[in-house]
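# Commentary on secondary and tertiary structure
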Amino acid sequence: MNNINWNDFEKIELRAGTVVEVEEFPEARKPAFKLRIDFGTEIGLKRSSAQIKDLYRAEELLHKQVICVVNFPAKQVGPFISECLVTGLYNERGEVVLAVPDRQVQNGARLG
């Protein structure tokens with residue numbers, strides 16, 4: 001593991017957002033959803049490709065708050081442009097468990 005300093009950490013914009021749209025992403029190489037996430041008035045709506053189909057169904061993702069990196073450059077994922085990274089942790093089977101606030105927070109709230 002490489003150490004980073006506090007200034008490096010402060011550059012990462014980890015923000016809470018609410019999933020407002022979920023679509024299947026059949027063109028993805030690994031099973032994924034296309035998500036539209038609301039980060040409030042400062043940041044607005046961003047789209048993300050999320051490989052989380054092992055543990056989550058589309059209907060349970062809708063209106064769920066998630067924690068995302070919002071200041072990565074946009075990334076082409078097949079025919080889709082992903083604008084933020086939905087964060088999660090790998091369980092013992094290699095499945096992604098979403099990193100989420102344990103209480104409702106304002107969309108756009110910064111992790112810090």
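Predicted model, so just to flag it, every value in this text is computed and none were measured.

Turning our attention to the pattern of salt bridges. Taken as a whole and assessed by the stated rule, the structure comprises 11 salt bridges. The partner of Glu-42 in a salt bridge is Arg-15, and the shortest N-O contact between them spans 3.7 Å. Residue Glu-42 is found in helix α2 (residues 40-43), and its partner Arg-15 is found in strand β1 (residues 14-24); the two are separated by 27 residues along the sequence. We classify Arg-15 as buried; its relative accessible area is 9%. One salt bridge in this structure joins Lys-53 and Glu-24, with 2.4 Å as the shortest N-O distance. Of the two residues, Lys-53 sits in the loop between β3 (45-50) and α3 (58-61) while Glu-24 sits in strand β1, which places them 29 residues apart along the sequence. Since its relative accessible area comes to 31%, Lys-53 is described here as partly exposed. Beyond isolated ion pairs, a larger network of salt bridges with shared partners links Glu-13, Arg-15, Glu-42 and Arg-110.

Rules of the game
- Residues numbered from 1 in each chain as written.
- Predicted model: local features only at pLDDT ≥ 70, side-chain atom pairs only at ≥ 80, totals over all residues.
- Heavy atoms only, no water.
- Salt bridge = Lys/Arg side-chain N within 4 Å of Asp/Glu carboxyl O.
- Helix = DSSP H or I, 4+ residues; strand = E, 2+ residues; numbered from the N terminus.
- Buried < 20%, exposed > 50% of the residue type's maximum accessible area, 1.4 Å probe, protein only.

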